[in-house]
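# Chain and residue survey
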Amino acid sequence: MRKNLSKLTAITMAFVLTLTGCSLGAKEKDESGSEATEQANVEESLEETSVTSTENSSAAPNEVPSDRIIVVEDLAEPEIDESASSSTEASVYTDQEEKTYEIDKELEMVFFGDSQFANGRSDGTDIASYVQKRVPNGKAYNLGIGGTTAALEYTTVNYQDYENWTSTCFVGMAYALEGRINRNQVLASYPEVLEQMNQVDPATVDYYFIEYGANDFFNKIQLDKWSSGYADINPLHTYYGALKAGIDVLRNISPNATIILITPFYGMYYAPDGTYLGDTYVTSNGVGTLQDYAKKMNNVAEEYSLYCLDTMTRTKCDLYMDTASQYLMDNIHLTVTGRQIFGRIIAHIPNSMEGYEPTAYRQTEYIKIAEFNPDEYYKYPDEYFASDFPEEYEKYMNGEYLLAKPEE
């Protein structure tokens, strides 16, 4: 992790003052408890998301006016103290016990991503573990590594030198699973990840979940070759190009697997002195905002006709400025509760696609963290279910869903 001091240009500071009216400290709030209300007004339209647009999440989020974008030089990701978010918080919640179902085979799920996936792996509070607990006979392999990008680092010039490959970017992880590069060499510093990867047979994988973007943003990775300004840039050095390259590898080695994309998560940014800089909608690294990276992932999803889960614009839960302290341990990384919530949200994807539950559950559940019960299983109210999803309601009443049974 980098510890660079954030440097603001004069014009950037002017934008900060315009948006906030003053320097807003990391813990400073007004009497109503809200932060940066001027910025919130810019983003009000992002809440207006219907069930249809939630499901069709490959549609790009609404634009933020360019004159409200704040460019921050040397924006640094905060150091993460994982111990602060695991054992103490995890003891508050009990979680559902894993159950065994009469299903022919395990449902194999492989998770590629950064620290949002990697965090909690050591004590079973990672997102992959929470998904596994909610998917019948699910088996999760967590290949997430903190600090990694989708794109190949700019410092790697000879991208075809597979014998000496060292990058754990998404492309590198896909190559390692494929066997193109030496996984023992690449993952020598990550024995837990290597052990997990060695258990994966690409031929039997059912689902790949891919989540990258935050570190691409912090490292100023170009969004794509066309917007980079460099006509000869290697596509692997761009976010868009790297996602496509990694997906192509996975599609080749696992032709029967379903690939799910997960956008970067909502977050907020502060200077080392506690000055509030902005959030993922308005804070730019000079290349774009994190929302721009999310939109670029949506572009990839559209091109490949993949399901893309939106974790940024409040389509599935109430992660935003007023709840960030509950969802995020440092305004960027998910807390244990945050990981439980997104584990539950993500589990709806394979459960609905496999026919274990109605797609209505995936489409309609919206979680408010203040009301969240980790042991609860979501059910769509019968009075709405019958009228909104009549075909699925009939199957539900006939007891055809493994995880959704009518009350006796």
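Look up: the structure comes first, before these words.
These lines cover the structure that appears in this document, whether it is placed above or below.

### Comments concerning unusual backbone geometry
Here the phi dihedral of K220 falls at roughly 55°; this positive angle occurs in a residue that is not glycine. As for its position among the elements, K220 is in the loop between α10 (214-218) and α11 (239-253). Look at S305: it is not a glycine, yet its phi comes out positive at around 55°. Looking at the secondary structure, you find S305 in the loop between α12 (290-304) and β9 (307-309).

### Re the sheet that holds β9
As summarised here, the arrangement of the 5 strands in space is β3-β2-β4-β5-β9, forming an open sheet in which the pairing is parallel. Only two strands of the sheet have a single partner each, and these edge strands are β3 (138-142) and β9. When the angles between neighbouring strand axes are averaged without regard to direction, this sheet yields 20°. Contacts between helix α7 (residues 170-178) and the sheet are confined to β2 (107-113) and β4 (207-211), with β2 contributing the most and set at about 145° to the helix.

### Examining the packing of aromatic side chains
To describe a pair of aromatic rings, you give the distance between the ring centres and the angle between the ring planes. Enumeration according to the criterion identifies 31 aromatic pairs in this entry. Here Y239 and Y293 contribute two aromatic rings whose centre-to-centre distance is 5.4 Å and whose plane-to-plane angle is 70°, an arrangement assigned as edge-to-face. Placement of Y239 in helix α11 and of Y293 in helix α12 is noted, with a sequence separation of 54 residues between them. Note on accessibility: Y239 and Y293 belong to one class, buried. Here a set of aromatic residues connected by ring pairs shows up, and it is made of Y361, Y377, Y378, Y380, Y384, F385, F389, Y393 and Y396. For K296, the ring lying beneath its charged end belongs to Y240, and the centroid distance is 5.7 Å. Here R314 stacks its cationic end above the ring of Y320, 3.7 Å away from the centre of that ring.

What counts, and where the lines are drawn
Residues numbered from 1 in each chain as written. Predicted model: local features only at pLDDT ≥ 70, side-chain atom pairs only at ≥ 80, totals over all residues. Heavy atoms only, no water. Helix = DSSP H or I, 4+ residues; strand = E, 2+ residues; numbered from the N terminus. Pairing = 2+ DSSP bridges. Axes fitted to C-alpha atoms, helices over the stretch in contact; angles between N-to-C directions. Contact = heavy atoms within 4.5 Å. Phe/Tyr/Trp six-rings, centres within 6.5 Å; stacked < 30°, edge-to-face > 60°. Buried < 20%, exposed > 50% of the residue type's maximum accessible area, 1.4 Å probe, protein only. Lys NZ or Arg CZ within 6 Å of the ring centre and 35° of its normal.

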